[in-house]
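The primary structure of each chain is shown beneath.
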Amino acid sequence: MKSQTDEMKCPKCGRFELRESGQGITCRVCGYTLSPGEADKHRLFRLLKEEEKGSRHR
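Reading guide: rules and limits
- Residues numbered from 1 in each chain as written.
- Predicted model: local features only at pLDDT ≥ 70, side-chain atom pairs only at ≥ 80, totals over all residues.
- Heavy atoms only, no water.
- Helix = DSSP H or I, 4+ residues; strand = E, 2+ residues; numbered from the N terminus.
- Buried < 20%, exposed > 50% of the residue type's maximum accessible area, 1.4 Å probe, protein only.
- Contact = heavy atoms within 4.5 Å.
- Areas by Shrake-Rupley, 256 points an atom, 1.4 Å probe, with all protein chains shown as cover.
- Core = buried A, V, L, I, M, F, W, Y, C linked by side-chain atoms within 4.5 Å.
- Pairing = 2+ DSSP bridges.

K.L.:
I keep staring at the overall build of the protein chain and nothing clicks. Help me out?
P.N.:
Secondary structure summary: the protein chain contains one helix and two strands in total. The order of helices and strands in the protein chain, counted from the N terminus, is β-β-α. Counting all 58 residues of the protein chain, 19% fall into the buried class. Long-range pairs, those at least 24 residues apart, make up 21% of the contacts in the protein chain between residues at least 6 apart in sequence. Surface summary for the protein chain: the accessible area is close to 4,600 Å², and the carbon and sulfur share equals 51%.

K.L.:
Could you clarify how one ought to interpret the environment of Lys41 in this entry?
P.N.:
Tracing the backbone through its elements, the reader meets Lys41 in helix α1 (residues 36-56). Looking at Lys41, the relative accessible area reads 56%, which means it is exposed. Taking C-alpha positions, Lys41 is 9.4 Å from Met8, a pair spaced 33 residues apart along the chain.

K.L.:
What is the right way to read the nonpolar core from this model?
P.N.:
General note: in soluble globular proteins, nonpolar side chains tend to be found buried as a group. Residues Met8, Cys10, Leu18, Ile25, Cys27, Leu34 and Ala39 constitute the largest nonpolar core, which totals seven residues. Not counting chain neighbours up to four residues away, the residues in contact with Cys10 comprise Arg15, Leu18, Cys27, Cys30 and Tyr32.

K.L.:
What should I look at first to understand the pairing of strand β1 (residues 18-21) in this one?
P.N.:
When a strand is regular, its side chains alternate between the sheet's two faces. Looking at chain direction, β1 and strand β2 (residues 24-27) are connected through four bridges and run antiparallel. Within the sheet, the bridge partner assigned to Ser21 lies in β2 and is Gly24. Following β1, the chain reverses through two residues before pairing antiparallel with β2.

K.L.:
What should I look at first to understand the environment of Pro36 in this one?
P.N.:
Checked against the element boundaries, Pro36 lands in helix α1. Each C-alpha atom of the pair Pro36 and Gly24 lies 8.4 Å from the other, and the pair is twelve residues apart in sequence.

That is the geometry; function is a separate question.
This is how it looks when you write it as structure tokens:
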């Protein structure tokens, strides 16, 4: 199960169900679509987490 440190939560419903699709990043539970600024923040968060995981395995 993913935790707070692995994923960002939806600003509307607070669940960890944000997924990227052709229309942008949306919540699978409530259907909220992130604004362009929120989507950029989500992508940056994900990139930083991937970098952190990569540096642990070196």
